[in-house]
Each structure stands twice: as C-alpha cells, then as structure tokens.
Protein chains: 2
Amino acid sequence: MIDESPLERVRSNIVIEFEDNAQAKIIYDSIILEFSTAPDFRSSMTIDLDESNIIINIDAEDSTSFRASVNSAIKWIKLALEINDLTN
Amino acid sequence: MIDESPLERVRSNIVIEFEDNAQAKIIYDSIILEFSTAPDFRSSMTIDLDESNIIINIDAEDSTSFRASVNSAIKWIKLALEINDLTN
C-alpha cells in the first residue's frame, strides 16, 4: 500500500515561538533527549534552538509516520510547557 | 492557561512530494474545499500546489490548535490518497 502510493515524501519545518530566549531554552533542554532517542525508521526529526524559537524539522517517507512524528513532538513540548507552568 | 503560556505562536510549512504533477493536482483538487471551509479561530491554514508538491502553511496561536490543524490536513490528504489508490 505504502510502496504503491503516489506520495513520495513529507517534509516539514515547524517554528515554535516563545516569549523570550530563556523560556525557549528551558523547553529545548527538557525535550532534546526525547528527540535524540526516539527510534523511527520511516521518518527523521531534528530540533534546534534559535534565540526565542525552537525549530523542528521532520522528514518522513509517508503521511502516517509524519503524523506520528508531529504528534510526538507536540506532545513533548506541551508536557514540558505544562510542567513549566506548574513551577511558575 | 493559554494566555499565561510562554508559547507565543507555532508556524509550520509542510511540503508533501508526489510522484508527478498529475497526482499532486488530483489530491490538491480533492482537498482544497476542506481547507477553505475549515473554521478555526486560533489557527489559519493555507494550501498551495507547486508542480508535484502540495505545500501547507499553518499559523497557530497554541500547540493544541496547531496539532488539530496538522491532524486535519494529514487526514484529508490520507483519505484522498486512499480513494485515489482504490480507483487505480
């Protein structure tokens, strides 16, 4: 099914803007380990910190693995934000 | 909760590559109406066709509405692909 699909590749660049550089760094440091250890053979993900932005790049072979990667990334960020909010 | 969050905005550019221009056009034509009618006050989505690529831009106020938009977009594309595969 996947091999016969006319969809060749899904690439995405996600920019998450934070209030300030410090907040972005806190969230980045909380989730970097998840990104470096997440195993996925059909998609690859990178995460970068650029001042007050976290930039996530996803390169997936099909729409299912793309969706799984986006959902994981957003869940990690949301969890880190919620813990961060609790401590403020 | 959302107003207090240090997350300001989530922006994404998703590029979906197809085998050829014709396949990209078929999928684009199938889903364009969904994009133009989907109501969402916390995020906006645009879709463009560029040769064999479909390009989706999402601009969201928070991670929840971003995730909802990505999931809707991917579901529409996946459904269009599955119907397309059935007819081939």
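A few points on the structure. Remember, it's a predicted structure, so these values are computed and weren't measured experimentally.

### With respect to the sheet that holds strand 1 (residues 7-18) of chain A
Right, so step 1: If you walk across this open sheet you meet the 6 strands as 2(A)-3(A)-1(A)-1(B)-3(B)-2(B), and the pairing is antiparallel. Every interior strand has two partners, whereas the edge strands, strand 2 (43-50) of chain A together with strand 2 (43-50) of chain B, have only one. Along the sheet, successive strands turn relative to each other by an average axial angle of 10°, direction set aside.
Right, so step 2: Pairing between strand 2 of chain A and strand 3 (residues 53-60) of chain A: 8 bridges, direction antiparallel. When the bridges of strand 3 of chain A are listed, Leu49(A) appears paired with Ile54(A).
Right, so step 3: Of the strands in this sheet, strand 1 (7-18), strand 2 and strand 3 (53-60) of chain B touch helix 1 (residues 21-37) of chain B, which is tilted by about 155° from strand 2 of chain B.

### What about the side chain of Gln23(A)?
Right, so step 1: When you line up the elements, Gln23(A) lands in helix 1 (residues 21-37).
Right, so step 2: When neighbours within four sequence positions are excluded, Gln23(A) is seen to be in contact with Phe18(A), Asn84(A), Asn88(A) and Pro6(B).

### Looking at the packing of aromatic side chains
Residues and elements named next belong to chain A.
Right, so step 1: One pass over the full model with this rule turns up 2 aromatic pairs over all chains.
Right, so step 2: Summarising the aromatic geometry, the rings of Phe 35 and Trp 76 are spaced 5.0 Å apart at their centres and angled 70° between planes, so their arrangement reads as edge-to-face. Note that Phe 35 is positioned in helix 1 and Trp 76 in helix 2 (residues 63-87), a separation of 41 residues in sequence. Comparing Phe 35 with Trp 76, the two get one shared label, buried.

### Brief notes about the nonpolar core
Right, so step 1: The biggest cluster of nonpolar side chains holds 48 residues, and the ones touching the most others in it are Ile16(A), Ile56(A), Phe66(A), Ile16(B), Ile56(B) and Phe66(B).
Right, so step 2: Excluding its chain neighbours within four sequence positions, the residues that come into contact with Ile56(A) are Ser12(A), Asn13(A), Ile14(A), Ile16(A), Phe35(A), Met45(A), Thr46(A), Ile47(A), Ala73(A) and Ile77(A).

### A word on the packing of helix 1 of chain B against helix 2 (residues 63-87) of chain B
All names here are of chain B.
Right, so step 1: Between helix 1 and helix 2, the shortest axis-to-axis distance is 9 Å and the interhelical angle comes to 135°. With respect to their mutual orientation, helix 1 and helix 2 come out oblique. For the pair helix 1 and helix 2, the crossing hand works out as right-handed. Note on element contacts: helix 2 touches helix 1 through Ala 73, Trp 76, Ile 77, Ala 80, Leu 81 and Asn 84, opposite Gln 23, Ile 26, Ile 27, Ser 30, Ile 31, Glu 34 and Phe 35.
Right, so step 2: Class assignment of the residues belonging to the contact of helix 1 with helix 2 gives a composition of 9 nonpolar, 3 polar and 1 charged.

### Re the interface of chain A and chain B
Right, so step 1: Taken together, the contact pairs 31 residues of chain A with 31 residues of chain B.
Right, so step 2: Here chain A and chain B share an interface that buries about 2900 Å² over both sides, 58% of which is from carbon and sulfur atoms.
Right, so step 3: Contact with chain B buries surface across chain A, with Pro6(A), Glu17(A) and Arg67(A) losing the most and accounting together for 22% of the total.
Right, so step 4: Run the count over chain A and chain B and you get 2 salt bridges.
Right, so step 5: Linking Glu17(A) and Arg11(B) is a salt bridge whose minimum nitrogen-to-oxygen distance equals 2.5 Å.
Right, so step 6: Applying the counting criterion to the chain A and chain B interface returns 19 residue pairs in polar contact (both at pLDDT 80 or more).
Right, so step 7: Those elements that provide at least two residues to the side of chain A that touches chain B are strand 1 and helix 2 of chain A.
Right, so step 8: No other element matches the 14 residues that helix 2 of chain A contributes to the side of chain A that touches chain B.
Right, so step 9: Considered class by class, the residues forming the side of chain A that touches chain B number 13 nonpolar, 8 polar and 10 charged.

Cut-offs used in this document
- Residues numbered from 1 in each chain as written.
- Chains lettered and ligands numbered in written order.
- Predicted model: local features only at pLDDT ≥ 70, side-chain atom pairs only at ≥ 80, totals over all residues.
- Heavy atoms only, no water.
- Pairing = 2+ DSSP bridges.
- Helix = DSSP H or I, 4+ residues; strand = E, 2+ residues; numbered from the N terminus.
- Axes fitted to C-alpha atoms, helices over the stretch in contact; angles between N-to-C directions.
- Contact = heavy atoms within 4.5 Å.
- Phe/Tyr/Trp six-rings, centres within 6.5 Å; stacked < 30°, edge-to-face > 60°.
- Buried < 20%, exposed > 50% of the residue type's maximum accessible area, 1.4 Å probe, protein only.
- Core = buried A, V, L, I, M, F, W, Y, C linked by side-chain atoms within 4.5 Å.
- Parallel < 35°, antiparallel > 145°, perpendicular 65-115°, else oblique.
- Left-handed = near helix turned anticlockwise from the far one by under 90°.
- Nonpolar A, V, L, I, M, F, W, Y, C, P; charged D, E, K, R; others polar.
- Buried area = accessible area lost by both parts, 1.4 Å probe.
- Salt bridge = Lys/Arg side-chain N within 4 Å of Asp/Glu carboxyl O.
- Polar contact = N/O pair within 3.5 Å; in protein donor to acceptor, adjacent residues only side chain to side chain.

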